Amino acid sequence: MALMPKRVKYRKSQRNKRRGIATRGATLSFGEFGLQVVENGWLTNTQIEAARVALTRHVRRGGKVYLRVFPDKSVTKKPAETRQGKGKGDIDTWVAVVHRGKILVEIEGIPQDLAKTAFRLAAAKLPLKTRFITREAA
């Protein structure tokens, strides 16, 4: 099942800017290790889910995973070979807007080397550059 909000106040949202730095969610809160984004952008619901699956499969029932992002912004798309006009397109996907410094995923209860390889696999599923952080480094 895809990640998406149960209800939203407005069905279609504007794109807005993707610049700036994360002021909230930029420090480790739950786990010992984290995956931090170092550039701004959008993460789609499928990308977040793919990263989560890659992470949990690698740690194999070990540790606890905390997802710190949720796709709550709708992105619309007009059908292929459609002329302009006739209103805004239908909702195509849901995205999470992430600014640099934001922590995407945290994990605890596993050794550091296992966490590092798991995060490397998860990061391969994401379109943005990320880095591995630990509680000591933070």
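See above for the structure.
All residue numbers refer to position in the chain's written sequence, counted from 1. Confidence filtering applies because this is a predicted model: local features only for residues at pLDDT of at least 70, side-chain atom pairs given and counted only at 80 or more, and all residues used for totals across whole chains, interfaces and linings. Calculated side-chain values reflect all of the structure's heavy atoms, with hydrogen atoms and water omitted.

Asker: What exactly am I supposed to notice about the nonpolar core here?
Answerer: A general trend in soluble globular proteins is that nonpolar side chains are found buried together. The set of buried Ala, Val, Leu, Ile, Met, Phe, Trp, Tyr and Cys residues whose side-chain atoms join them within 4.5 Å is what this entry labels a nonpolar core. Throughout, exposure labels follow a simple rule: accessible area from a 1.4 Å probe, protein chains only, divided by the maximum for the residue type, with under 20% read as buried, over 50% as exposed, and the rest as partly exposed. The biggest cluster of nonpolar side chains holds 22 residues, and the ones touching the most others in it are Leu43, Leu55, Val98, Leu104, Ile107 and Phe119. Runs of E in the DSSP output that reach at least two residues are strands. Runs of H or I that reach at least four are helices, and both are numbered from the N terminus. Among the elements of the structure, β1 (33-37), α1 (45-59), β5 (90-98), β6 (103-108) and α2 (112-123) are those that each provide at least two residues to this core. Considering every element that reaches this core, the biggest residue donor is α2, with five residues. By definition, residues are in contact when any of their heavy atoms lie within 4.5 Å. If we skip the residues at most four places from it in the chain, Leu104 touches Leu35, Val37, Leu43, Tyr66, Leu67, Arg68, Val69, Val98, Leu126 and Thr130.

Asker: I'm lost on the pattern of salt bridges in this one. Help?
Answerer: When charged atoms on two side chains of opposite charge get close, those side chains can pair. Any carboxyl oxygen of Asp or Glu that lies within 4 Å of a side-chain nitrogen of Lys or Arg is treated as forming a salt bridge with it. Scanning the model with the defined rule gives two salt bridges in all. Its salt-bridge partner being Glu49, residue Arg52 comes within 2.6 Å of it at the nearest N-O pair. Of this pair, Arg52 and Glu49 both sit in helix α1, three residues apart, roughly one helical turn. You can call Arg52 partly exposed: its relative accessible area is 30%. When its relative accessible area of 25% is taken as the criterion, Glu49 is described as partly exposed. For Arg68, the salt bridge is made with Glu106, and the minimal N-O distance between the two is 2.2 Å.

Asker: Just to check I follow, could you spell out the side chain of Ser74 for this structure?
Answerer: For Ser74, the position within the fold is in strand β4 (residues 73-77). What qualifies as a polar contact is a pair of N or O atoms within 3.5 Å, subject to a donor-acceptor requirement within protein and to the restriction that residues adjacent in sequence count only when both atoms come from side chains. Within the structure, the side chain of Ser74 is placed 2.9 Å from the backbone oxygen of Arg11, a separation counted as a polar contact. The residues contacting Ser74, other than those within four sequence positions of it, are Arg11, Lys12, Ser13, Ile91, Thr93 and Trp94.

Asker: Explanation requested: the sheet that holds β5 in the structure shown.
Answerer: Sheets are built from strands that pair by backbone hydrogen bonding, the pairs being arranged parallel or antiparallel. Two strands pair under a simple rule: DSSP has to find at least two bridges between them. The strand order across the open sheet built from three strands is β2-β5-β4, with neighbouring strands paired in antiparallel fashion. The sheet is open, and its two borders are formed by β2 (41-44) and β4, each paired with just one other strand. Within this sheet the neighbouring strands show an average axis-to-axis angle of 50°, counted without direction. Inspection of the sheet shows β4 paired to β5 by five bridges, in the antiparallel sense. Opposite Val75, over in β5, you have Thr93 as the bridge partner. Docked against the sheet, α1 engages β2 and β5, running at close to 70° with respect to β2. Structural elements are reduced to axes, namely lines fitted to C-alpha atoms, with helices fitted over the stretch in contact, and the angle between N-to-C directions of any two is expressed from 0 to 180 degrees.

Asker: What is the right way to read α1 from this model?
Answerer: Residues lying three or four places apart along an α-helix face the same way, a consequence of the helix completing one turn every 3.6 residues. Here, expected helix span is obtained from the residue count minus one, scaled by 1.5 Å. With 15 residues, α1 should cover 21 Å at 1.5 Å per step; its first-to-last C-alpha distance of 21 Å lies within 8% of that length. Taken as a whole, α1 has its buried residues at Asn45, Ile48, Ala51, Ala54, Leu55 and Val59. The elements touched by buried residues of α1 are β2, β3 (64-67), β5, β6 and α2. Backbone geometry just downstream of α1 places Arg60 in the positive-phi region, at approximately 45°.

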